[in-house]
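# Per-entry structural report
So the chains spell out like this:
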Amino acid sequence: MKPLLAVFVFASTTFFGATPGSAQQPKALFYMTREPKSVRSFLAHADKIDLLVPAWYSVDADGLLSGGANPLVMETAKQHHVPVMPIVANGDFAQEDFHKLLKSATAMESMIHGLIRACKENGYTGFQFDFENVHWTDRNLLSEMVQNAGAAFHKEGLQLTIATVPNAPGAPGEGGFSAWIYENWRGAYDLTALAQSVDLICLMTYDQHTRWTAPGPVAGWAWTTGNLEYALKFVPVQKLSLGIPLYGYRWFAGTPVKSDDKSGDKPNPSAEYISTDDAVDLAKAYGGHIEWDSTDRAAWFYFYRADMREWIFFTDARTFRERYALVKERGLQGFCSWVLGTEDPAIWDLLPTHK
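### Looking at a negative patch on the surface
Negative charge collects at one region of the surface, where Asp60, Asp92, Glu96 and Asp97 lie side by side. Tracing the backbone through its elements, the reader meets aspartate 92 in the loop between β4 (87–89) and α4 (95–103). Take aspartate 92: its relative accessible area is 64%, and that puts it in the exposed class.

Printed below as a string of structure tokens:
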């Protein structure tokens, strides 16, 4: 066993050791990408991060694991006693490829062996599954995969966690969008089964409104609390981490696109991610007045550019603080925030330095 692995495995055994109703400080889990801005944020704030989950790995339909560690990040994590538990994602989220993986015992075995080998070679505490755009009919297959992986990881003294798309109320609601998002995003997660197999569930309570929807908060208050209450019916409080977004969305009029049937141009309303500092810069540049939505407990503003109104909803420090207080109030294991490099710098003043 490498010395680095010995340090991180010890940290992992305590990281998930919270008990219900305890006064323990919520654990701060932060996601990181390979973007330099994201890496720099970790390097600057490692002392306030309890678990780093970098998006470093993906798996294909045949179970082939690809990815690798950032040496500077690993060295900094070691110096600051921050456990590292990378994400493994299902590539570009293609449903057909992931279904193929789930149906192949050989492919799944290859993936699990690859993940365990990566942990041992790099000193990771384990891995987090980030499998999205999974068809609802693959629900049982996904649960079975997680069960098998969890057993293999725990046998090796490693941790397995999973990020899940919020799925309240547990069935399609009214309207075509509700049916579509349940069929392709929400319906595949059996929270009861998953909670029995993993050490932590990170509830991705963000992306309520996206490019697929009209403008709105990334995670409105009623939507966030409703999904939290639903998840707590199935997941022990000590195994649940609440997703707190660090980013925002900007909605704007995209360039109209040509239709395939030659009937003329089609509208192209668009939206894209935006970091907090970029959002604030746009407000300053175009005279946008940042408002506080007391119902959704979120920051937002609009501005005009080229005679068109653009909307931005984003996570400022107040938005973050409201959700951080909810984590404390409900006695959750902690929170999980996507993604470092997009945050309001003021959030770091709200978090304690870990020991």
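### Examining the pairing of strand β1 (residues 27–32)
The element β1 is extensively covered by neighbouring structure, given that 6 of its 6 residues are classed as buried. What you see with β1 is no split at all: Lys27, Leu29 and Tyr31 on one side and Ala28, Phe30 and Met32 on the other are buried throughout. Strand direction decides the pairing type here: β1 and strand β16 (residues 334–337), joined by 4 bridges, are parallel. Within β16, the position partnered with lysine 27 by the bridge is glycine 334.

### Considerations on the confidence of the model for the protein chain
Detailed reading of the predicted coordinates is not advisable wherever pLDDT falls low. With 93% of its residues at a pLDDT of at least 70, the protein chain reaches an overall mean of 93. Per-residue pLDDT stays below 50 along residues 1–14; that stretch engages in 24 contacts with residues further than four places along the chain or on separate chains. Of the regions scoring below 50 in pLDDT, residues 18–22 engages in 4 contacts with residues more than four places distant in sequence or in other chains.

### Focus: the layout of surface pockets
The calculated volume of the largest pocket comes to roughly 800 Å³. Taken together, the elements giving at least two residues each to the lining of the largest pocket come down to β4, β5 (126–130), α7 (176–186) and β12 (269–274). With 5 residues, α7 is the largest single contributor of residues to the lining of the largest pocket. Grouping the amino acids of the lining of the largest pocket by side-chain chemistry returns 21 nonpolar, 5 polar and 6 charged.

### So, helix α10 (residues 276–286)
Here α10 has its buried residues at Thr276, Ala279, Leu282 and Ala283. Viewed along the axis of α10, the buried residues span an arc of 125°, placing them on a single side of the element. Exposed residues pointing more than 90 degrees away from the buried face of α10 are listed as Lys284 and Ala285. In this structure, the buried residues of α10 make contact with β9 (248–253), β12, β14 (298–305) and β15 (308–314). One or two positions beyond α10, positive phi appears at glycine 287, with a value near 75°.

### Comments concerning the sheet that holds β12
Within the open sheet, the 5 strands sit side by side as β12-β9-β15-β14-β13. Their pairing is antiparallel. Sheet topology places β12 and β13 (291–293) at the edges, where each strand pairs with a single neighbour. The mean inter-strand angle of the sheet, taken between neighbouring strand axes irrespective of direction, is 25°. The pairing of β13 with β14 spans 3 bridges and is classified as antiparallel. Bridged to glutamate 291 within β14 is tryptophan 300. Here helix α11 (residues 317–330) sits on the sheet in contact with β13, β14 and β15, set at roughly 20° to β13.

### Section: the packing of helix α2 (residues 36–45) against helix α3 (residues 71–79)
α3 packs onto α2 with a crossing angle of 15° between their chain directions and a minimal axis gap of 10 Å. Viewed along their axes, α2 and α3 adopt a mutual orientation that is roughly parallel. As for how α2 packs across α3, the hand of that crossing is left-handed. Contacts between α2 and α3 involve Val39, Phe42 and Leu43 from the first element and Leu72, Val73, Thr76 and Ala77 from the second.

### Notes on the side chain of threonine 319
Residue placement: threonine 319 occurs in helix α11. A polar atom in the side chain of threonine 319 sits 2.6 Å from the side chain of aspartate 316. Sequence-distant contacts of threonine 319, defined by excluding residues within four places in its chain, comprise Trp292, Arg297, Ala298, Ala299 and Phe314.

### Considering the nonpolar core
Core analysis: the biggest nonpolar cluster contains 92 residues, and Phe30, Tyr31, Phe42, Phe129, Phe131 and Met145 have the highest contact counts within it. Filtering out sequence-adjacent residues up to four positions away, phenylalanine 30 remains in contact with Lys48, Ile49, Leu51, Leu52, Val53, Leu246, Phe335, Ser337, Leu340, Ile347, Trp348 and Leu351. In terms of nonpolar packing, the next biggest core, distinct from the first, is built from 9 residues, Ile274, Ala279, Ala283 and Phe314 among them.

The rules behind these values
- Residues numbered from 1 in each chain as written.
- Predicted model: local features only at pLDDT ≥ 70, side-chain atom pairs only at ≥ 80, totals over all residues.
- Heavy atoms only, no water.
- Patch = residues over 30% accessible without salt bridge, like charges linked within 9 Å, V, L, I, M, F, W, Y side chains within 5 Å.
- Areas by Shrake-Rupley, 256 points an atom, 1.4 Å probe, with all protein chains shown as cover.
- Salt bridge = Lys/Arg side-chain N within 4 Å of Asp/Glu carboxyl O.
- Lys, Arg positive; Asp, Glu negative; His and termini not counted.
- Charge placed at Lys NZ, Arg CZ, Asp CG, Glu CD.
- Helix = DSSP H or I, 4+ residues; strand = E, 2+ residues; numbered from the N terminus.
- Buried < 20%, exposed > 50% of the residue type's maximum accessible area, 1.4 Å probe, protein only.
- Pairing = 2+ DSSP bridges.
- pLDDT = per-residue confidence, 0-100.
- Contact = heavy atoms within 4.5 Å.
- 1 Å grid on protein atoms, 1.4 Å probe; cavity = no way out; pocket = protein on both sides within 12 Å on 5 of 7 lines; lining within 4 Å.
- Points joined across faces, edges and corners; volume = space filled by probe spheres on them.
- Nonpolar A, V, L, I, M, F, W, Y, C, P; charged D, E, K, R; others polar.
- Arc of directions from axis to C-beta.
- Axes fitted to C-alpha atoms, helices over the stretch in contact; angles between N-to-C directions.
- Parallel < 35°, antiparallel > 145°, perpendicular 65-115°, else oblique.
- Left-handed = near helix turned anticlockwise from the far one by under 90°.
- Polar contact = N/O pair within 3.5 Å; in protein donor to acceptor, adjacent residues only side chain to side chain.
- Core = buried A, V, L, I, M, F, W, Y, C linked by side-chain atoms within 4.5 Å.

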